[in-house]
Amino acid sequence: MKKSIALSLLVFLATTTLPAFADGESGSGLTGQEQVKNVRTGSHNVATGWVEILDKTHEEAAKGKNTGEQLTGVVAGGAIGVRSAIHRIGGGAIDLLTFWIPKKQPLVNPEKARLQ
């Protein structure tokens, strides 16, 4: 009985304080829109992080002038792409898990990193 009362009190506090924190009046300086942007970009990074492998592989292979250099670019680009994908997916996951912590921008910005 005591555990259910404590759990219901904890759920009540969690559900009543989060909406108040999201409006930006808690001194964090962030509005609810900025926190939603962190969730949106974090989910975008997690969902499309694998595209980095394809982008980096193509980018490195296109630098080659003959078949040998292009094949070397495919191998090197694949390795660079995996590293970039891990970075993007990891950053997106951290943004999703910590969206409620005040921060000015997401860890990895999906608009600037791809295909520049």
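You'll find the structure just up there.
Residues numbered from 1 in each chain as written. Predicted model: local features only at pLDDT ≥ 70, side-chain atom pairs only at ≥ 80, totals over all residues. Heavy atoms only, no water.

### A short note on the packing of helix 3 (residues 51-62) against helix 4 (residues 67-97)
Phase 1 of the analysis: Where helix 3 contacts helix 4, the axes come no closer than 7 Å and their chain directions differ by 150 degrees. With respect to their mutual orientation, helix 3 and helix 4 come out roughly antiparallel. Considering only the axes of helix 3 and helix 4, their crossing is right-handed. For the pair helix 3 and helix 4, contact is made by Glu52, Ile53, Lys56, Thr57, Glu60 and Ala61 and by Gln70, Gly73, Val74, Gly77, Gly78, Ile80, Gly81, Val82, Ser84, Ala85 and Arg88, respectively.
Phase 2 of the analysis: A breakdown of the residues in the contact of helix 3 with helix 4 according to their chemical character gives six nonpolar, seven polar and four charged. (Axes fitted to C-alpha atoms, helices over the stretch in contact; angles between N-to-C directions. Helix = DSSP H or I, 4+ residues; strand = E, 2+ residues; numbered from the N terminus. Parallel < 35°, antiparallel > 145°, perpendicular 65-115°, else oblique. Left-handed = near helix turned anticlockwise from the far one by under 90°. Contact = heavy atoms within 4.5 Å. Nonpolar A, V, L, I, M, F, W, Y, C, P; charged D, E, K, R; others polar.)

### With respect to helix 3
Phase 1 of the analysis: Between its first and last C-alpha, helix 3 extends 17 Å over 12 residues, near the 16 Å set by a 1.5 Å rise per residue.
Phase 2 of the analysis: Of all the positions in helix 3, only Val51, Glu52, Asp55, Lys56, Thr57, Glu60 and Ala61 are classed as buried. (Expected span 1.5 Å × (residues − 1). Buried < 20%, exposed > 50% of the residue type's maximum accessible area, 1.4 Å probe, protein only.)

### Comments concerning the environment of leucine 71
Phase 1 of the analysis: Its place among the elements puts leucine 71 in helix 4.
Phase 2 of the analysis: When its relative accessible area of 55% is taken as the criterion, leucine 71 is described as exposed.

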